[in-house]
Amino acid sequence: MERDDRVEALSEAECLRLLSTVPVGRVVYTEHALPAVLPVSFQVADGRLLLAVRRGSTTARGLDGTVVAFQADLLDPVTRTGWSVLVHGRANIVRDPEQVRRALRSGLRPWVGDPEPMFVALVPELVSGRRLLPAGHGVLWS
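Here we summarise the structure given alongside this text. (Residues numbered from 1 in each chain as written. Predicted model: local features only at pLDDT ≥ 70, side-chain atom pairs only at ≥ 80, totals over all residues. Heavy atoms only, no water.)

## Structural notes on the pattern of salt bridges
- Here the structure, examined in full by the defined rule, presents seven salt bridges.
- A salt bridge links Glu8 to Arg131; the nearest nitrogen and oxygen atoms lie 3.1 Å apart. Highlighted residues: Glu8 in strand β2 (residues 7-9) and Arg131 in strand β8 (residues 118-132), separated in sequence by 123 residues.
- Exposure remark for Glu8: the relative accessible area of 31% places this residue in the partly exposed category.
- A salt bridge links Arg105 to Glu98; the nearest nitrogen and oxygen atoms lie 3.3 Å apart.
- A residue is classified by how much of its surface remains accessible, and Arg105, at 58% relative accessible area, is exposed.
- Residue classification places Glu98 among the partly exposed residues on the basis of a relative accessible area of 34%. (Salt bridge = Lys/Arg side-chain N within 4 Å of Asp/Glu carboxyl O. Helix = DSSP H or I, 4+ residues; strand = E, 2+ residues; numbered from the N terminus. Buried < 20%, exposed > 50% of the residue type's maximum accessible area, 1.4 Å probe, protein only.)

The structure is reproduced here in structure tokens:
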């Protein structure tokens, strides 16, 4: 039996490269003992993800010092192709003034505007990703 397997596993390096091509992803964390998911602006910097959140928000409080998941993707609904990356790691509010200034200079801002954003660093511990290839481009198995 032959099948067209269009799913390709991605290396960690390729996952981080792909993440750097999109401005928004979703962070998964715990809020009031329940899972919460929120779209956030982010960038890849120095091997970690830098998330922009609103200062004083429940999201900022919920992320600081916790293990979170982060997911971003780029999907084409017409061709049913694209990629998805999942990152797990510890998140901490960026408190170093120089790192905050660097993030501000980069233009990174929360998805919901805030003149004084807060930045959260996510250090990747587990990184995985998949690419969905166009039909006919997958690996044939017998």
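## Some words on the packing of aromatic side chains
- The full count for this structure, using the stated rule, is one aromatic pair.
- Between Phe42 and Phe70, the ring centres sit 4.7 Å apart and the planes meet at 65°, which makes this aromatic pair edge-to-face. Of the two residues, Phe42 sits in strand β4 (residues 34-45) while Phe70 sits in strand β6 (residues 66-76), which places them 28 residues apart along the sequence.
- Classification of Phe42 by relative accessible area gives buried; the value is 4%. (Phe/Tyr/Trp six-rings, centres within 6.5 Å; stacked < 30°, edge-to-face > 60°.)

Take it as geometry only, folks, not as evidence of what the structure does.
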